[in-house]
Amino acid sequence: MKHKNFARLVSSLSLVILFAVSLSCKNKNASSVSEIEKTVEETLYRPNFHFTPKANWMNDPNGMFFLNGKYHLYFQYYPDGNVWGPMHWGHAISKDMITWEEQPISIYPDDLGLIFSGSSVVDANNTSGFGKDGIVPIVAIYTYHNMKGEKAGDLDFQTQAIAYSLDEGMTWIKYDKNPVISNPGIKDFRDPKVIWNAATSKWILTLAAADKVLFYSSNNLKDWKLESEFGKELGQHNGMWECPDLFPMKIAGTDQTKWVLLVSINPAAPNGGSGTQYFIGDFDGSQFTVDPDFKIQLAEENALWVDYGRDNYAGVTWSNIPQQDGRKLFIGWMSNWEYAREVPTENWRSAMTIPRELSLQNIENSYVLTSVPIAELSSYVSKTILKEKLVVNQKKAIISKDEVDLSRIELEMELNNLTKNTYSFLFENSQGDSLSFGLNNIEKNYFLNRQKSGRVAFSDKFANTISIAKKRSPSSNLKVKVLVDKTSIEVFYNDGETVMTEIFFPNQPFETLSISTSDDQLILENIKIKEFQFN
Ligand code: FRU
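Worth saying up front: this structure is predicted, and the values here are computed from it rather than measured.

Student: With reference to specific residues and values, describe the sheet that holds strand E11 (residues 212-218).
Tutor: If you walk across this open sheet you meet the four strands as E9-E10-E11-E12, and the pairing is antiparallel. Looking at which strands have only one partner, the edges of the open sheet turn out to be strand E9 (190-197) and strand E12 (225-230). Strand-to-strand twist in this sheet, taken as the mean axis angle between neighbours without regard to direction, amounts to 25 degrees. Two strands pair when backbone bridges link them, and E9 and strand E10 (residues 202-209) are joined in this way by six bridges, in the antiparallel orientation. Following the sheet pairing, Trp196 is matched in E10 by Trp203.

Student: For the site of the ligand, give the residues involved together with the corresponding values.
Tutor: Around the ligand, the structure places Asn59, Asp60, Gln76, Trp84, Met87, Phe116, Ser117, Arg190, Asp191, Glu242, Tyr313 and Trp337. Here an oxygen atom of the ligand and a side-chain polar atom of Asp60 are 2.7 Å apart. Interatomic distance of 2.8 Å between a side-chain N/O atom of Trp337 and an oxygen atom of the ligand. About the coverage of the ligand: the protein hides 95% of its 320 Å² of free accessible area. Listed by contribution, the elements that provide at least two residues to the shell around the ligand are strand E1 (56-67), strand E5 (114-122) and E9. Split into classes, the residues belonging to the shell around the ligand amount to five nonpolar, three polar and four charged.

Student: Describe in detail the sheet that holds strand E21 (residues 356-363), supporting the description with residues and values.
Tutor: On the basis of which strands lie adjacent, the open sheet formed by four strands has the order E18-E19-E21-E22 and antiparallel pairing. Pairing within the sheet leaves two strands with one partner each, and these edge strands are strand E18 (313-317) and strand E22 (366-373). Pairwise comparison of adjacent strand axes, ignoring direction, gives a mean angle of 40 degrees for this sheet. Note that E21 and E22 share eight bridges and pair antiparallel. Paired with Ser359 across the strands is Thr370, a residue of E22.

Student: Describe the domain arrangement of the chain, listing the residues and the values that go with them.
Tutor: Each assigned domain of the chain is listed with its residue range as follows: domain 1 (3-45), domain 2 (56-373) and domain 3 (376-532). Listed by partner, the interface residues are eight residues for domain 1 and 13 residues for domain 3. Counting each side, the surface lost to burial between domain 1 and domain 3 is near 950 Å², with a carbon and sulfur contribution of 59%. Taken together, the links from domain 1 to domain 3 amount to zero salt bridges. Remark: the boundary between domain 1 and domain 3 carries four residue pairs in polar contact (both at pLDDT 80 or more).

Student: Tell me what's going on with the side chain of Asp60, and back it up with residues and numbers.
Tutor: You can see Asp60 is positioned in strand E1. Side chain to side chain, Asp60 and Ser117 meet in a polar contact 2.7 Å long. Excluding anything up to four places from it in sequence, Asp60 contacts Tyr74, Phe75, Gln76, Ser117, Cys243, Ala314, Trp333 and Met352.

Student: Give me the lowdown on the pairing of strand E2 (residues 70-78), citing residues and values where you can.
Tutor: Judged by how many residues are buried, E2 sits mostly within the fold: eight of nine residues are covered. Looking at chain direction, E1 and E2 are connected through seven bridges and run antiparallel. Residue Met58 lies in a different strand from E2, and its bridge partner there is Tyr77. Following E1, the chain reverses through two residues before pairing antiparallel with E2; Asn68 in that reversal takes a positive phi of roughly 50 degrees. In this sheet, strand E3 (residues 88-94) lies alongside E2 in antiparallel orientation, the contact comprising seven bridges. Directly across from Tyr71, in E3, lies its bridge partner Ser94.

Reading the values: the criteria
- Residues numbered from 1 in each chain as written.
- Predicted model: local features only at pLDDT ≥ 70, side-chain atom pairs only at ≥ 80, totals over all residues.
- Heavy atoms only, no water.
- Pairing = 2+ DSSP bridges.
- Helix = DSSP H or I, 4+ residues; strand = E, 2+ residues; numbered from the N terminus.
- Axes fitted to C-alpha atoms, helices over the stretch in contact; angles between N-to-C directions.
- Near = heavy atom within 4 Å.
- Polar contact = N/O pair within 3.5 Å; in protein donor to acceptor, adjacent residues only side chain to side chain.
- Areas by Shrake-Rupley, 256 points an atom, 1.4 Å probe, with all protein chains shown as cover.
- Nonpolar A, V, L, I, M, F, W, Y, C, P; charged D, E, K, R; others polar.
- Domains from an automatic or database assignment.
- Contact = heavy atoms within 4.5 Å.
- Buried area = accessible area lost by both parts, 1.4 Å probe.
- Salt bridge = Lys/Arg side-chain N within 4 Å of Asp/Glu carboxyl O.
- Buried < 20%, exposed > 50% of the residue type's maximum accessible area, 1.4 Å probe, protein only.

Written as structure tokens, this is what we have:
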């Protein structure tokens with residue numbers, strides 16, 4: 001069996017490493033050890049179906065657009081090291097957002113500064129005038145971060161700039177009159193996200209400005225007018241607002257449109273460090289106003305979050321998704337500024353979340369932005385195990401050793417007739433590592449616990465707490481969908497009503513999954529275990 005071989009390979013590699021380490025202590029032959037470590041790292045930690053750069057540092061997703069059958073993903077990238085450094089836009093292309101091909105670096109820093117986060121749009125009507133010979137230009141809008149200005153103690157070292165591409169995003173020509181938005185004296189002034197607002201026939205740019213967002217409008221992507229600001233007194237603060245995204249969405253099952261505003265914040269996420277909150281409201285082409293019902297939700301919860309786990313940050317949506325597709329597609333950076341620079345991978349650092357389809361739901365008079373993994377993932381399923389019913393008394397195996405490769409699965413199940421109790425799912429391996437998630441139905445909280453998940457000591461912020469999220473639905477039934485990919489778990493409760501994403505670094509792959517509860521008899525139903533195959 002394939003996965004047996006994999007487990008064998010990893011455990012033998014671990015033995016090799018131990019042997020090599022002991023040799024190196026004698027021989028001082030450190031380089032061969034690090035070669036072996038690199039190989040083990042690739043086998044054990046390189047995700048199967050989450051985007052990672054081949055080498056070196058990555059953070060936020062940037063400038064994503066769809067064109068001619070291809071999804072483009074750019075990302076904050078430092079090509080010369082595995083910690084954050086002078087930022088470039090890296091680039092990858094995919095036909096299905098699952099299998100990516102990394103491309104040459106697309107935008108390099110220059111005299112005006114490093115290339116921070118931003119977005120890109122397909123300028124179909126050539127409003128910018130950058131189009132030539134009928135070629136539709138793609139326009140990227142990004143932040144210049146000027147290091148000299150920062151070092152000199154200036155306040156205006158972040159400005160907004162544009163570049164255009166006439167070859168489907170492969171190469172970019174920077175606009176010769178950059179910056180297009182100069183800095184009014186706000187130190188943190190970045191991450192422009194642009195959309196086309198059909199109602200006013202204008203481009204709208206949403207920008208993070210320390211503790212608020214600013215909205216600008218333009219006819220040509222070059223000349224921008226400040227329209228309004230939002231958020232100083234709303235939502236979560238105590239951290240820097242970053243990477244906003246504003247877009248309209250139909251409330252599922254209705255014809256009514258509301259506007260969704262995503263705002264990442266670092267630190268001050270619900271379980272520590274970085275996270276992404278959202279607001280629901282209306283946008284009149286100039287001003288964003290929070291919906292009165294959503295304001296009540298904010299009064300109760302302070303902030304609502306795209307993801308309550310610790311590793312989904314700076315996520316934004318794709319532009320130019322064709323109308324006949326109609327999905328709102330989102331991807332986030334699967335890490336957290338609290339420890340991103342220290343995670344135990346040397347070859348590359350960090351991965352993106354699985355791309356997700358967002359929807360706006362009105363559930364019992366509350367707005368919820370739900371997210372589920374994109375449907376494209378299902379075409380990689382190579383094996384499905386169906387278990388109709390499992391009767392659980394205290395503890396029961398759901399997946400036993402050798403049934404599937406737990407480092408590339410999707411798991412779905414339903415728990416019915418829940419009582420006031422705790423329902424805990426547990427991944428384990430023979431090295432004593434474990435990862436658990438589930439529902440505490442006494443406290444009405446979901447939890448995710450990576451405290452014993454393997455290598456956790458690289459940062460004292462990594463496993464200092466157990467992440468929790470409020471259970472929204474009062475129902476006594478629960479639907480769970482889980483994706484596991486070597487070093488990440490993404491849990492989607494009740495069709496993405498609450499999501500928790502976290503990374504972990506086990507000493508060897510997890511081998512079994514069980515559930516425990518102190519209910520006398522819990523029935524687990526409709527269990528679907530899917531193993532993926534890539535390549
Ligand atoms: C968010 C962020 C952005 C900035 C980029 C720099 O993670 O801090 O605000 O543009 O990263 O790499």
